[in-house]
Amino acid sequence: ESVVEYCTRATLLRETFAPELHIASDLRLLDASAHVRQATPLRRRRIWGVLAVALALTIGVTLFAIGNRQRDTPAVHIRGSAELVRKGGSQTAIGTLNARHGDYFVVGEDSSLILNYRDGTTMSVSGGAAFTVDQSESREKLIVLARGGLSANVQPQAPGKVMRFRTPTAEAEVLGTELSLLAAQHSTRLRVSQGTVKLVRRSDENSVVVEEGQVGV
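Residues numbered from 1 in each chain as written. Predicted model: local features only at pLDDT ≥ 70, side-chain atom pairs only at ≥ 80, totals over all residues. Heavy atoms only, no water.

Caption draft 1: Examining the overall build of the chain more closely. If you tally the helices and strands in the chain, you get three helices and 14 strands. Counting every position in the chain, which comprises 217 residues, the buried fraction comes to 38%. Counted over contacts in the chain with a minimum sequence separation of 6, partners at least 24 positions apart contribute 41%. As displayed, the chain has an accessible area near 12,300 Å², and 54% of this comes from carbon and sulfur atoms. (Helix = DSSP H or I, 4+ residues; strand = E, 2+ residues; numbered from the N terminus. Buried < 20%, exposed > 50% of the residue type's maximum accessible area, 1.4 Å probe, protein only. Contact = heavy atoms within 4.5 Å. Areas by Shrake-Rupley, 256 points an atom, 1.4 Å probe, with all protein chains shown as cover.)

Listed below in structure tokens is the structure:
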């Protein structure tokens, strides 16, 4: 293939795998192709080699970034069955699976789920609950509980980070604690067994700190 075709292919691959990285602009690729046409055969091979290495690094960095974004998702152990909605498709989930950001679970009425994060954080979800495993805008652990109940033992998070539990009416920010959470369409009930949790009402952003042994509604 010609140098121009190679540079065009490199641009397409870069846009496919890493549009946000912008390692090489289209102008630089075209400029590189001009240098290749004017170079001696030895220099042409060297330039081709540099372009190939840059492309390989772009793809490698992108795949690493994608893997890193999914690193903080839990293993899900299903007792009974649950409906899993992933990327618009629905399936019945049983046994153990690795969750992905955006996974939506509907737990069977006679079933339960255990979630285990790599940092030791664990969560138990009761039958009939519906929730999404996700991450916040600042890449913190986020559980969006649409309905039902759960309990969690949250390990201390990285400096400046919290784990978030979001319901239709409130959001709980957890540094490290034991808690139980019950969500309904118009209400949220939080019980803290250990530690403290900041509970924020989503409608007006009013907040309260719920301490050990207390209940926030």
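Continuing now.
Caption draft 2: Molecular detail of the packing of aromatic side chains. Taken as a whole, this structure holds one aromatic pair when the rule is applied. Aromatic side chains Phe 105 and Phe 131 sit 5.3 Å apart centroid to centroid with 20° between the ring planes, which places their arrangement in the stacked category. Here Phe 105 is found in strand 3 (residues 103-107), whereas its partner Phe 131 is found in strand 6 (residues 130-135), with 26 residues between them in sequence. In this pair, the class of Phe 105 matches that of Phe 131, namely buried. (Phe/Tyr/Trp six-rings, centres within 6.5 Å; stacked < 30°, edge-to-face > 60°.)

Caption draft 3: View of the side chain of Thr 73. Mapped onto the elements, Thr 73 comes out in the loop between helix 3 (41-69) and strand 1 (75-86). The exposure class assigned to Thr 73 is buried, which follows from its relative accessible area of 11%. A polar side-chain atom of Thr 73 sits 3.0 Å from the main-chain carbonyl oxygen of Ala 99. Contacts of Thr 73, omitting those with residues within four sequence positions, involve Ala 99, Arg 100, His 101 and Tyr 117. (Polar contact = N/O pair within 3.5 Å; in protein donor to acceptor, adjacent residues only side chain to side chain.)

Caption draft 4: Summary view of the nonpolar core. In terms of nonpolar packing, the biggest core is built from 35 residues, with Leu 113, Phe 131, Ile 143, Leu 150 and Phe 165 touching the most fellow members. Sort the elements by how many residues they give to this core and strand 7 (residues 141-154) lands first, with five residues. Once you skip the residues sitting within four places of it in the chain, Leu 113 turns out to touch Val 76, His 77, Ile 78, Ala 82, Phe 105, Val 107, Met 123, Ser 124, Val 125 and Phe 131. (Core = buried A, V, L, I, M, F, W, Y, C linked by side-chain atoms within 4.5 Å.)

Caption draft 5: Highlighting unusual backbone geometry. The phi torsion at Lys 87 lies on the positive side, around 55°, for a residue other than glycine. As for its placement among the helices and strands, Lys 87 is situated in the loop between strand 1 and strand 2 (89-98). Positive phi is not limited to glycine here, since Glu 205 has a value of about 65°. Mapping Glu 205 onto the fold places it in the loop between strand 12 (197-201) and strand 13 (207-210).

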